[in-house]
Amino acid sequence: DAKTTQPPSMDCAEGRAANLPCNHSTISGNEYVYWYRQIHSQGPQYIIHGLKNNETNEMASLIITEDRKSSTLILPHATLRDTAVYYCIVSHAGNNRKLIWGLGTSLAVNP
Amino acid sequence: SAVISQKPSRDICQRGTSLTIQCQVDSQVTMMFWYRQQPGQSLTLIATANQGSEATYESGFVIDKFPISRPNLTFSTLTVSNMSPEDSSIYLCSAGQGTNEQFFGPGTRLTVL
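Residues numbered from 1 in each chain as written. Chains lettered and ligands numbered in written order. Predicted model: local features only at pLDDT ≥ 70, side-chain atom pairs only at ≥ 80, totals over all residues. Heavy atoms only, no water.

Visitor: How would you explain the overall build of chain A if you had to name every residue and give the values?
Guide: Looking only at helices and strands, one finds zero helices and nine strands in chain A. A compact globule built from 111 residues should have a C-alpha radius of gyration of about 13 Å, and chain A, at 13 Å, falls within 12% of that. Over its C-alpha atoms, taken along the principal directions, chain A stretches across nearly 40 × 30 × 25 Å. Evaluated residue by residue, chain A yields a buried proportion of 43% over its 111 residues. A fraction of 57% describes how many contacts in chain A between residues 6 or more apart in sequence connect residues 24 or more apart. Surface accessibility of chain A: about 5,700 Å² in total, with carbon and sulfur atoms responsible for 50%. Between the centroid of the 9 positive side chains of chain A and the centroid of its 9 negative side chains there is a distance of 5 Å. (Helix = DSSP H or I, 4+ residues; strand = E, 2+ residues; numbered from the N terminus. Rg over C-alpha atoms; globule rule 2.2 N^0.38 Å. Buried < 20%, exposed > 50% of the residue type's maximum accessible area, 1.4 Å probe, protein only. Contact = heavy atoms within 4.5 Å. Areas by Shrake-Rupley, 256 points an atom, 1.4 Å probe, with all protein chains shown as cover. Lys, Arg positive; Asp, Glu negative; His and termini not counted. Charge placed at Lys NZ, Arg CZ, Asp CG, Glu CD.)

Below, the structure is given as structure tokens:
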């Protein structure tokens, strides 16, 4: 599975958009980009995933560059409850898919 | 979505003993996984729990230390055997189906004295 690179930490003002970048320059054609987050003392929570098209759901938007070597997770209106560690993971599809976790980005949403 | 529960939520154990952690999913799933998360660290995959066959372990993890069972499509157990203080960690179960998202349990916080 391809490796990812994320900034170790970011800050965001409450109510503003949080844009979390991820580099995955060695991603292969059948690998998906997944985003999870982990709020302190809780299990990880799935946010969104995509293959090559941009995706949006009720939590966030995922923008994948045309060459698929990087992506950005956008939280459109960050709240204090969005303070968490955000993990970008690339993984093959299929029933044997496993997730290899990096260090993620620690996002602090400030009032 | 799937709801995952784990038991116990936390435990304090003595060195040399074993602890079995249970993971229950509220629906049938193809994949179940066990992770370890040491304090302040990211998640490390221990093994994939395979229904009806032996688990698939990642490098650095062995069956004698972390035996896993998965008797059906909704339940799995992880045993941490012959524990030492280095096994103090949060143990997490996850489940998923196909290319879709994985859902995680709340974790089991283990402290070994």
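Following the structure, the description resumes.
Visitor: Account for the side chain of arginine 37 of chain A, naming residues and giving values.
Guide: Residue and element names in this part refer to chain A. Locating arginine 37 in the fold gives a position in strand β3 (residues 31–38). Polar side-chain contacts of arginine 37 include one of 3.0 Å to the side chain of tyrosine 86. Residues in contact with arginine 37, not counting those within four places in the same chain, are Gly43, Pro44, Gln45, Ile47, Met59, Arg81, Asp82, Ala84, Val85 and Tyr86. (Polar contact = N/O pair within 3.5 Å; in protein donor to acceptor, adjacent residues only side chain to side chain.)

Visitor: Got a sec to walk through the packing of aromatic side chains? Specific residues and values, please.
Guide: Taken as a whole and assessed by the stated rule, the structure comprises nine aromatic pairs over all chains. When the ring of tyrosine 32 of chain A is compared with that of tyrosine 34 of chain A, the centres are 6.1 Å apart and the planes differ by 40 degrees; the resulting orientation is tilted. Relative to phenylalanine 104 of chain B, the ring of tryptophan 101 of chain A has its centre 5.5 Å away and its plane inclined at 85 degrees; by these criteria the two rings are edge-to-face. Here tryptophan 101 of chain A, found in the loop between β8 (84–92) and β9 (105–110), pairs with phenylalanine 104 of chain B, found in strand β10 (residues 102–104), and the two come from separate chains. Among the residues examined, tryptophan 101 of chain A registers a relative accessible area of 8% and is labelled buried. By relative accessible area, which is 11% here, phenylalanine 104 of chain B ends up buried. (Phe/Tyr/Trp six-rings, centres within 6.5 Å; stacked < 30°, edge-to-face > 60°.)

Visitor: Describe in detail the interface of chain A and chain B, supporting the description with residues and values.
Guide: Taken together, the contacts link 20 residues of chain A with 20 residues of chain B. For the interface between chain A and chain B, the tally reads zero salt bridges. Taken together, the links from chain A to chain B amount to three residue pairs in polar contact (both at pLDDT 80 or more). Elements with a contribution of two residues or more to the side of chain A that touches chain B: β3 and β4 (45–50) of chain A. Take the side of chain A that touches chain B: its biggest share by element is four residues, from β3 of chain A. Within the side of chain A that touches chain B, the residues separate by chemical class into 10 nonpolar, eight polar and two charged. (Salt bridge = Lys/Arg side-chain N within 4 Å of Asp/Glu carboxyl O. Nonpolar A, V, L, I, M, F, W, Y, C, P; charged D, E, K, R; others polar.)

Visitor: So what's going on with the state of the cysteines? Residues and values would help.
Guide: Going through the model one piece at a time under the given rule, you end up with two disulfides over all chains. Between the sulfur atoms of cysteine 22 of chain A and its disulfide mate cysteine 88 of chain A the distance is 2.1 Å. Where cysteine 22 of chain A bonds to cysteine 88 of chain A through sulfur, the torsion about that S-S bond is close to -80 degrees, and the disulfide is left-handed. Of this pair, cysteine 22 of chain A sits in strand β2 (residues 18–23) while cysteine 88 of chain A sits in strand β8, and the two are 66 residues apart along the sequence. Here the two residues cysteine 22 of chain A and cysteine 88 of chain A agree in accessibility, since each one is buried. Here cysteine 12 of chain A is not cross-linked by a disulfide; its sulfur's nearest cysteine counterpart is in cysteine 22 of chain A, at 18 Å. For cysteine 13 of chain B, which is in no disulfide, the shortest distance to another cysteine sulfur is to cysteine 23 of chain B and amounts to 18 Å. Overall, the relative accessible area of 7% leaves cysteine 13 of chain B in the buried class. (Disulfide = S-S within 2.5 Å.)

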